[in-house]
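# Structure at a glance
Here is how the chains run, residue by residue.
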Amino acid sequence: MAENVTPRVRVPKTASKDEVIQIKTLISHPMESGQRKDKDGNLIPRSIINRFHVTFNGTDVIDMTLEPAISTNPYVEFEAKVPESGEFVFTWYDDDGSVYEDKHSVEVS
Amino acid sequence: MTTPFRMAAAAAMACALSLPALAETAPENTDPIVINAGELELPTAVPPPAHLDGAVPEIYSGWLFRDAATQVMQTDDFQNPGMIFVDQGITEWNTVEGAAEKSCASCHEDISVAMKGLRATTPKVNKDGVLWSVEDYVNDCRVNRMEAEALDWNGDRMKNLTAAISMQSRGMPVDVAIDGPAQPFWEQGKEMYYTRYGQLELSCSNCHEDHYGDWIRADHLSQGQTNGFPVYRLKDAGLVSQHNRFRGCVRDTRAETFAIGSDEFRALELYVASRGNGLPVEGVSVRH
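Residues numbered from 1 in each chain as written. Chains lettered and ligands numbered in written order. Predicted model: local features only at pLDDT ≥ 70, side-chain atom pairs only at ≥ 80, totals over all residues. Heavy atoms only, no water.

## Describing the packing of helix 9 (residues 183-193) of chain B against helix 12 (residues 263-275) of chain B
Residues and elements named next belong to chain B. Under the convention used in this document: As a rule, the C-alpha atoms of each element are fitted with a line to give its axis, helices using only the stretch in contact, and angles between N-to-C directions run from 0 to 180 degrees. Each helix is a run of DSSP H or I of at least 4 residues and each strand a run of E of at least 2, with the numbering of both proceeding from the N terminus. Should an angle lie under 35 degrees it is considered roughly parallel, over 145 roughly antiparallel, and from 65 to 115 roughly perpendicular; all remaining angles are considered oblique. The contact criterion used throughout is that any non-hydrogen atoms of two residues lie within 4.5 Å. In this classification, the charged set is Asp, Glu, Lys and Arg, the nonpolar set is Ala, Val, Leu, Ile, Met, Phe, Trp, Tyr, Cys and Pro, and all remaining amino acids, among them Gly, are polar.
Where helix 9 contacts helix 12, the axes come no closer than 7 Å and their chain directions differ by 85°. Our classification of the angle between helix 9 and helix 12 gives roughly perpendicular. For the pair helix 9 and helix 12, the contacting residues are Phe 185, Trp 186, Gln 188, Gly 189, Lys 190, Met 192 and Tyr 193 in the first and Glu 264, Ala 267, Leu 268, Leu 270, Tyr 271, Val 272, Ser 274 and Arg 275 in the second. Residue classes in the contact of helix 9 with helix 12 are distributed as nine nonpolar, three polar and three charged.

## Looking at the pairing of strand 6 (residues 75-82) of chain A
Residue and element names in this part refer to chain A. The condition is simple: We call a residue buried when its accessible area falls under 20% of the maximum for its residue type, exposed when it is over 50%, and partly exposed in between, using a 1.4 Å probe and counting protein chains only. The pairing criterion is simple: DSSP has to find at least two bridges between the two strands.
Of the two faces of strand 6, the one holding Val 76, Phe 78, Ala 80 and Val 82 is buried and the one holding Tyr 75, Glu 77, Glu 79 and Lys 81 is not buried anywhere. Where strand 3 (residues 19-27) lies against strand 6, eight bridges are found, and the strand directions are antiparallel. By the bridge assignment for strand 6, Lys 24 is matched with Glu 77.

## Here's the deal with the nonpolar core
The line we're drawing: Only buried Ala, Val, Leu, Ile, Met, Phe, Trp, Tyr and Cys residues count toward a nonpolar core, and they belong to the same one when joined by side-chain atoms within 4.5 Å.
Counting 34 residues, the largest nonpolar core has Ile 59, Tyr 60, Leu 268 and Leu 270 of chain B as the members making the most contacts within it. Residue assignment for this core shows that the elements contributing at least two residues are strand 1 (33-35), strand 3 (45-46), strand 4 (59-60), helix 9, helix 11 (242-252) and helix 12 of chain B. Top contributing element to this core by residue count: helix 12 of chain B, with six residues. Within the second largest apolar cluster, 24 residues are counted, among which are Leu 66, Ala 80, Trp 92 and Val 106 of chain A.

## Side note on the interface of chain B and chain A
The criterion, for reference: Accessible area that two parts lose when put together, with a 1.4 Å probe and added across both, is what the buried area reports. Counted as salt bridges are all cases of a side-chain nitrogen of Lys or Arg within 4 Å of a carboxyl oxygen of Asp or Glu.
Counting residues at the interface gives 10 residues for chain B and 10 residues for chain A. Of the roughly 920 Å² buried between chain B and chain A, counting both surfaces, carbon and sulfur atoms make up 52%. Summed over the shared surface of chain B and chain A, the number is three salt bridges. For Asp 87 of chain B, the salt bridge goes to Arg 8 of chain A, with nearest N and O atoms at 3.2 Å.

## Re the confidence of the model for chain B
All names here are of chain B. Inclusion rule: The predictor reports its confidence for every residue as pLDDT, a score running from 0 up to 100.
Here chain B shows a mean pLDDT of 92. Residues at 70 or above account for 92%. Every residue in residues 1-10 scores below 50 in pLDDT, and together they form zero contacts with partners more than four places removed in sequence or on other chains. Every residue in residues 14-20 is under pLDDT 50, and counting partners more than four places away or in other chains gives zero contacts.

Here it is as C-alpha cells:
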C-alpha cells in the first residue's frame, strides 16, 4: 500500500456568478509504473492512482483515467465555471482500493 | 592633443588585460521573492555582514541566479515541489517512535512555535561546547529522549524533518553567532572556504566569491548561500541537504571529500551560514 498519500487542493474561497476559476490539485503518491525491477530482478508491482474524479454539487466536472506513465505526485490543474455556491468534491482512486477524498466550498456572491 | 589620451587609453587597456579576471557578475535585478501572491516577501539582496570585509559588495540569494521558470516555482507553495516533503516532515514530527513512546510533538508540541528561529541560528555551539547542526539536535532528541534510532543525516526522513523545521523560520534573517565559543569553529570553516582542494585546486571562494553570476558549464554560479537549504533540486527531483551539497562541490574539484555529518562540514556550514547573515531563511527553496 502506498504510504504518505496526501491530497492537496487549492480552490478560491469566493467567486462571482459564472466565473471561471482555476483549480489546482496535487496528490503525493509514488505512481509505481509496474515496469521497473528491483535489484533482484523481480518486477515491482504497479501501484498508481488510476482515476481522478471531481464533482461540483453532484455534477461531474472532470473524470479522468491516469496511466502508469504519469510521474510521481500527479498534479492536475483545470478551470471550472461556478454558477452557484457549492462544494467541490475531489476523489482519487488508488490501485490498492484506497480512495482519497477532499472537499472545498466556494461562495458565489 | 589626442595623443596623450590615446596613450592613456592604451595604458589602461594594457593594465586591464593584465589584471586577473575579477569577473563576478552582479544580478541585474534584485526583486524580492514574493511568496503566495504577497503573503510574504523575502529580500534577495542585502548588505554583507561586517566580517566579510568587502569581499563581496552585496550578498545575494541563489534564487536570483536561477532561470525564470525555476524562480516562479518557489513563489507559490502549491507549485513548490519541496512542500510535499515539508508535509511529510510534519507527519514525521507527530510520529511516535522508540522505547520512550514519544514523538517530537510529545515534548515540543506545535512545530510552528517550538522550532521558530532554530534554522536561522544554527549551526551553533551547544552547552557542552560542541558545534551542532539542526540534524544533531534532531538525533540527540531521538536517541536520548525518544530512545529511538538516530536518523541517517542524508536520509529522506531526516531531510523531510529538517525541511519542516526550516519552514518555521521562513523569512527570519540568518543570524548565526561567530564569536565566543563559536569562534574556533568559524575560523576553521573560513580556513576551509579559502583552501584550494582537489586536482582542480579550487577553493569555495574561487567560484562563489570571485565568479558568482558567471557561467559554469550550463548554469550560473551563485554566491553559494545556504539560506535556502534544504533545497528542492530539480536535477535530483528531491531534497538536498547542505552537507550533501558541500560533498558534491568538493567532489567536483576532484578531491577526496569530507563525510556528510563530519566536524569539518559542520564548521564549513557555520562559516558559509555566517556569510549569509542577514539573508532570510527561504524554507525550502527550488534550485536547478
